[in-house]
Amino acid sequence: MEVYLDNSATTRVFPEVADLMTKIMLEDYGNPSSMHFKGVQAELYVKHAKEQIAKQLKVNEKEIIFTSGGTEADNLALIGAAMANRRSGSHLITTRIEHPAVLKTMEYLEQQGFKVTYLPVDNTGRIRLEDLQKSIRQDTILVSVMHTNNEIGALQPVAEIGALIKRMNPRTLFHVDAVQGFGKFRIFPKKMYIDLLSVSGHKIHGPKGIGFLYVGEKVKLHPIVFGGGQQKGIRSGTENVPAIAGLGLASQKIYENLDEDAERMYSLREKLIEGVSDIRNIQINGCPGREGAPHVVSISFRGVRSEVLLHALEDKGICVSAGSACAAKHPRPSETLKAIGVERPLLESTLRFSLSLFTTEEEIVYTLHTLHEIVPLLRRYSRY
């Protein structure tokens, strides 16, 4: 039996998305900047995708900028906003549990002379609003907080954060990395005081290599990619029409049965947590119950190395991860787990199980049966 429980790393594409992309690549393959009918046809796909995405966010389609994915969207938001607003200040705020696409970009901006405040989180992964309030200054030009943590599923109170930022300093921009939250929750930037919002296609059953950045109409951004001036000059380069169309369709489909899909994932998540709790010396990390995301479960197995358990599960046809996929090639103790206070022996004994709307109860039952079988066995032979 094959069980895929690494959906926070990437998801299986909707069949309809794959069909649409194939049609465009083989039939409607024009360059959207071309003036002939093939170009016009391609441009219509781009326009329609913007409409599909804007409808879910309740924003204007002109506020959607396509990127190569969530990482570029984060980079464009942070570097673009920092450079464009440098005359107003040089102070930035983020949290200690952001994705590397944000944390590494903040490190770069520090090298460029910006000052960054890194907010701590509690043991569930949430920031304290009082810490944020104390950190906002007159020269704070941007705050970046992720909606849903990719490792433990912690949810930030985004609407409260946005309101607090604008109350403390109306000129401060609010960026939200919603790569794990878009398609799992309804996110309305204008109601939540969000100025910049990053999303990736392959987390919502769309294609890899495509994402978008919502840019509020009054937000100034300095481009980080230069060229032919496409997308209002904010992000040059010939638009990836098949992927853009696929992203638009995936954005539409992921919200068609949102409540039912979320409820089913929460039920499966609870079944996994309840079942694995029968194994001794395990720890569930992050927000309890439904205070966290419906699709992410972080579990520490004392006495068993993550990599050993991961491959033992793989031998049984079960795919999971030992944390963020972006850090998998260069493994080191998770900054997120350290930030929430996970004790050192458990940092290298933690696996992430992440679900999708394609995950079945049969797959969860099989995974639980396998864990109950192999965890005690691995502990018996472990020198760790």
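As a starting point, this report considers the structure included with it.

About the criteria used
- Residues numbered from 1 in each chain as written.
- Predicted model: local features only at pLDDT ≥ 70, side-chain atom pairs only at ≥ 80, totals over all residues.
- Heavy atoms only, no water.
- Core = buried A, V, L, I, M, F, W, Y, C linked by side-chain atoms within 4.5 Å.
- Buried < 20%, exposed > 50% of the residue type's maximum accessible area, 1.4 Å probe, protein only.
- Helix = DSSP H or I, 4+ residues; strand = E, 2+ residues; numbered from the N terminus.
- Contact = heavy atoms within 4.5 Å.
- Arc of directions from axis to C-beta.
- Salt bridge = Lys/Arg side-chain N within 4 Å of Asp/Glu carboxyl O.

1. Thoughts on the nonpolar core
Next, step 1: Leu-57, Phe-66, Leu-132, Phe-174, Leu-197 and Phe-212 are the most contacted members of the largest nonpolar core, which totals 59 residues.
Next, step 2: A per-element tally of this core places helix α7 (residues 241-254) first, with eight residues.
Next, step 3: Contact partners of Phe-66, with chain neighbours within four places excluded, come to Val-46, Ala-49, Lys-50, Ile-53, Ile-210, Gly-211, Phe-212, Gln-231, Arg-235, Ile-244 and Leu-247.
Next, step 4: Among the nonpolar cores identified, the runner-up in size contains 26 residues, and Ile-273, Ile-279, Val-297 and Leu-371 belong to it.

2. As for the side chain of Ser-251
Next, step 1: One can find Ser-251 in helix α7.
Next, step 2: Note on Ser-251: relative accessible area 0%, which makes it buried.
Next, step 3: Filtering out sequence-adjacent residues up to four positions away, Ser-251 remains in contact with Ile-53, Gln-56, Phe-182 and Ile-204.

3. Side note on the environment of Tyr-366
Next, step 1: Here Tyr-366 is to be found in helix α12 (residues 361-381).
Next, step 2: Residue classification places Tyr-366 among the partly exposed residues on the basis of a relative accessible area of 21%.
Next, step 3: Along the primary structure Tyr-366 and Ile-318 are separated by 48 residues, whereas in three dimensions their C-alpha atoms are 9.0 Å apart.
Next, step 4: The contacts of Tyr-366, once residues within four sequence positions are left out, are Met-1, Val-3, Lys-316 and Ile-318.

4. Here's the deal with helix α9 (residues 306-315)
Next, step 1: Three or more residues of α9 are buried, namely Ser-306, Leu-309, Leu-310, Ala-312 and Leu-313. Buried positions in α9, seen along its axis, are confined to an arc of 165 degrees and lie on one side of it. Relative to its buried face, α9 has exposed residues pointing more than 90 degrees away, namely Glu-307 and Asp-315.
Next, step 2: Next to the buried residues of α9 lie β10 (296-301), β11 (318-319), β12 (350-354) and α12.
Next, step 3: Phi turns positive one or two residues past the end of α9, at Gly-317, with a value near 90 degrees.

5. Quick word on the pattern of salt bridges
For side chains bearing opposite charge, pairing can occur when the charged atoms are close.
Next, step 1: One pass over the structure, following the stated rule, counts 20 salt bridges.
Next, step 2: In this structure, Asp-195 and Lys-166 form a salt bridge, with 2.7 Å as the shortest nitrogen-oxygen distance. A residue pair is termed long-range when its members are at least 10 positions apart, and Asp-195 in the loop between β6 (173-177) and β7 (196-200) and Lys-166 in helix α6 (residues 158-168) qualify at 29 residues.
Next, step 3: Between Arg-290 and Glu-270 there is a salt bridge, and its shortest N-O distance comes to 2.8 Å. With a gap of 20 residues between them, Arg-290 in the loop between β9 (282-285) and β10 and Glu-270 in helix α8 (residues 258-276) connect regions that are remote in the sequence.
Next, step 4: A single salt-bridge network, built from bridges that share partners, covers Glu-16, Lys-253 and Glu-256.

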